[in-house]
Amino acid sequence: MDAAGEELADRIRAIVAPASGIEERRMLGTRAFLLDGRILAGARPGGVLLVKVAAEDEAVLLLRDGAARAVMGARTMSSRWIDVAPLAIADDDALLFWIDAARAGGD
């Protein structure tokens, strides 16, 4: 993981740390934060945030600046997975918005 990804992981950790049941793991080059066994958020190289959102929210969320269907290597991930660009989560309120969207996307 690069420095931008580590910095994002620190920011996510600060936001979710008070919540019980959050587990942190390294997964496929991403620092993943799991809630009840599912990925809540991931800090990816370059400071990109990975979240899985509710199906009914996906289309609207993808219209937000910096949001795009998540890509892992050469493959586009399945629906509901969104990558959020670093500029779109530059402040903690913006990062919290996306963490909350991921919490609402629980399976």
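These numbers come from a predicted model, not from an experiment. (Residues numbered from 1 in each chain as written. Predicted model: local features only at pLDDT ≥ 70, side-chain atom pairs only at ≥ 80, totals over all residues. Heavy atoms only, no water.)

1. Points about the sheet that holds strand S3 (residues 38-44)
(1) Moving on: Read from one edge of the open sheet, six strands run S1-S2-S3-S4-S8-S5, paired in antiparallel fashion. Since the sheet does not close on itself, it has two edges, and those belong to strand S1 (22-27) and strand S5 (67-69), each with one partner. The average angle at which neighbouring strand axes cross in this sheet is 25°, direction not considered.
(2) Moving on: For S3 and strand S4 (residues 48-52), the ladder comprises three bridges, and the chain directions are antiparallel. Considered in S4, the bridge of Gly-42 is made with Leu-50.
(3) Moving on: Contacting S1, strand S2 (30-35), S3 and S4, helix H1 (residues 3-16) runs over the sheet at an angle of about 145° to S3.
(4) Moving on: Along the sheet face, helix H2 (residues 55-62) touches S5 and strand S8 (81-84) and points at about 125° away from the line of S5. (Pairing = 2+ DSSP bridges. Helix = DSSP H or I, 4+ residues; strand = E, 2+ residues; numbered from the N terminus. Axes fitted to C-alpha atoms, helices over the stretch in contact; angles between N-to-C directions. Contact = heavy atoms within 4.5 Å.)

2. Some details on unusual backbone geometry
Both trends apply: most residues other than glycine have a negative phi, and most peptide bonds are in trans.
(1) Moving on: Phi at Asp-36 takes a positive value of approximately 55°, unusual for a residue other than glycine.
(2) Moving on: Among the structural elements, Asp-36 can be located in the loop between S2 and S3.
(3) Moving on: For Asp-36, a relative accessible area of 72% puts it in the exposed group.
(4) Moving on: With phi around 85°, Arg-80 is a residue other than glycine that occupies positive phi space.
(5) Moving on: Its location among the elements puts Arg-80 in the loop between strand S7 (75-76) and S8.
(6) Moving on: The exposure class assigned to Arg-80 is buried, which follows from its relative accessible area of 18%. (Buried < 20%, exposed > 50% of the residue type's maximum accessible area, 1.4 Å probe, protein only.)

3. Structural notes on the packing of aromatic side chains
Centre distance and the angle of the planes are the two values used to describe a pair of aromatic rings.
(1) Moving on: The final tally for this structure, using the stated rule, is one aromatic pair.
(2) Moving on: Ring geometry for Phe-97 against Trp-98: centres 5.4 Å apart, planes inclined by 90°, an arrangement best described as edge-to-face.
(3) Moving on: You can call Trp-98 buried: its relative accessible area is 1%.
(4) Moving on: In this structure, Arg-64 packs its charged tip against the face of Phe-97, placed 3.9 Å from the ring centre. (Phe/Tyr/Trp six-rings, centres within 6.5 Å; stacked < 30°, edge-to-face > 60°. Lys NZ or Arg CZ within 6 Å of the ring centre and 35° of its normal.)

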